[in-house]
Amino acid sequence: MLGELLTAVATPFAADGSADLDRFRSLCRHLVDNGSDGLVVTGTTGEAPTLSDDERFALYEVAVDEIGATHTVVAGTGTYATAHSVHLTERAHHLGVDGFLVVTPYYNKPPQRGIIAHVEAIAAATDRPVVFYDIPSRVIVDAEPATISALATIENVTAVKQSKPSLEAARHVVSEGLDLYAGDDDLILPFLEVGGVGGISVTAHVIGGQLHEMIDRFRAGDLSAARALDEELRPSIDLLRVQTNPIAIKTAMNLLGHELGGFRLPLVSATPDEEAAVRDCLERLGLLQPIAT
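Residues numbered from 1 in each chain as written. Predicted model: local features only at pLDDT ≥ 70, side-chain atom pairs only at ≥ 80, totals over all residues. Heavy atoms only, no water.

Asks: Give a description of the overall build of the chain that names residues and reports values.
Replies: Tallying secondary structure elements over the chain gives 13 helices and eight strands in all. Over its C-alpha atoms the chain spans a radius of gyration of 18 Å, differing by no more than 12% from the 19 Å that the globule rule assigns to 293 residues. Over its C-alpha atoms, taken along the principal directions, the chain stretches across nearly 60 × 50 × 35 Å. Within the chain, buried positions represent 53% of all 293 residues. Contacts in the chain between residues at least 24 apart in sequence constitute 67% of all its contacts with a sequence separation of at least 6. Carbon and sulfur atoms make up 50% of the accessible area of the chain, which amounts to about 12,200 Å² in all. Each charge sign in the chain was given a centre, from 21 positive and 41 negative side chains, and these centres are 2 Å apart. (Helix = DSSP H or I, 4+ residues; strand = E, 2+ residues; numbered from the N terminus. Rg over C-alpha atoms; globule rule 2.2 N^0.38 Å. Buried < 20%, exposed > 50% of the residue type's maximum accessible area, 1.4 Å probe, protein only. Contact = heavy atoms within 4.5 Å. Areas by Shrake-Rupley, 256 points an atom, 1.4 Å probe, with all protein chains shown as cover. Lys, Arg positive; Asp, Glu negative; His and termini not counted. Charge placed at Lys NZ, Arg CZ, Asp CG, Glu CD.)

Okay, here's the thing in structure tokens:
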């Protein structure tokens, strides 16, 4: 298992638009010091589609150097092109990451057998764990139960990050012997209840310690306490709904003083109204003091 709580880490950008590796190093350390068992680098939250290969590799190097001795580093190497994904995986393997996140190929909408062949080719490029990322809201194609069963037969496909609310699909992942990670933060506790191991989280940027405490409460058998904390953390879910990820979470981190910079087009900065909504969520979480009026 790669950990119970992994953070899908944002990519900081400098004023000139370049990837800010020094701030990324600091962010990696902050996250693992505040609840994260490991990080997923160059996922959706990391604005992966806008990064060059060299930027990806530099981020992997920094993460492995900063936290790799004590925490896991998972590289998001899945793209819509299998050959490119294999290349990214081979290089990230060489750089020492612990595992790989491989999303359903997006845009080209392969049939189910194409998804299987895609993941199989990428998994063959490494002997380290591969996490399949099932997120139909972004890739259109929904991985069917038979596809999950086929992926489970690939030796180093060990887990699924599921970003759809179906408990039936979640139970199927578990029944196939795969580690189940919630890909949406409001699914972490429901998925734990059906045998999941935890979550690959966005809100862990701001509430990592509390999320891990919720998982710990569940593991200790105190379901009512876990549910109470889950309810207490609901404003973090509202935060994510302000605007497309990672606009809201990066705005939140900037408001909290982490200075992660802006975004790469086609993502754009939060509007004043959106920033106010993010601030309200942080205030309700007790992370910012309300502005005096």
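Asks: Report on empty space enclosed by the protein, specifying residues and quantitative values.
Replies: Under the criterion given, the structure shown has two cavities of 30 Å³ or more. By volume, the largest cavity is sized at about 50 Å³. Lining the largest cavity we find Asp 134, Ala 143, Glu 144, Pro 145, Ile 148, Gln 162, Lys 164, Ala 169, His 172 and Val 173. Of all the elements, helix α7 (residues 167-175) adds the most residues to the lining of the largest cavity, at three residues. A class-by-class count of the residues in the lining of the largest cavity yields five nonpolar, two polar and three charged. (1 Å grid on protein atoms, 1.4 Å probe; cavity = no way out; pocket = protein on both sides within 12 Å on 5 of 7 lines; lining within 4 Å. Points joined across faces, edges and corners; volume = space filled by probe spheres on them. Nonpolar A, V, L, I, M, F, W, Y, C, P; charged D, E, K, R; others polar.)

Asks: Break down the packing of aromatic side chains for me, citing the residues and quoting the values.
Replies: The full count for this structure, using the stated rule, is three aromatic pairs. Their ring planes at 45 degrees and their centres at 6.3 Å tell us that Tyr 80 and Tyr 107 sit as a pair that is tilted. Within this pair, whereas Tyr 80 is found in the loop between β3 (72-76) and α3 (82-95), its partner Tyr 107 is found in the loop between β4 (99-103) and α4 (112-123), the two being separated by 27 residues in sequence. Tyr 80 gets classed as partly exposed once you look at its relative accessible area, which sits at 44%. Taken together, the aromatic side chains of Tyr 80, Tyr 106 and Tyr 107 make up a single cluster linked through ring pairs. Of note, Lys 161 hangs over the ring of Tyr 133, and the distance from its end group to the ring centre comes to 4.0 Å. (Phe/Tyr/Trp six-rings, centres within 6.5 Å; stacked < 30°, edge-to-face > 60°. Lys NZ or Arg CZ within 6 Å of the ring centre and 35° of its normal.)

Asks: Go over helix α2 (residues 53-67), please, and point to the residues and values.
Replies: Compared with the 21 Å implied by 1.5 Å per residue over 15 residues, the 21 Å span of α2 between its first and last C-alpha is a close match. For α2, the set of buried residues is Glu 55, Arg 56, Phe 57, Ala 58, Leu 59, Tyr 60, Val 62, Ala 63 and Ile 67. Structurally, α2 contributes buried residues whose contacts are with α1 (21-32), β2 (38-41), β3 and α3. (Expected span 1.5 Å × (residues − 1).)

Asks: Account for unusual backbone geometry, naming residues and giving values.
Replies: The peptide bond linking Asn 245 to Pro 246 adopts the cis configuration, its omega dihedral lying at 10 degrees. The topology assignment puts Pro 246 in the loop between α11 (234-240) and α12 (247-255). The peptide bond linking Leu 265 to Pro 266 adopts the cis configuration, its omega dihedral lying at 20 degrees. The topology assignment puts Pro 266 in the loop between α12 and α13 (272-284). With phi around 55 degrees, Glu 47 is a residue other than glycine that occupies positive phi space. Topologically, Glu 47 is positioned in the loop between β2 and α2. Residue Glu 47 is classed as buried on the basis of its relative accessible area of 3%. In this model, Lys 109 sits at a positive phi of 50 degrees, which is unusual for a non-glycine residue. Tracing the chain through its elements places Lys 109 in the loop between β4 and α4.

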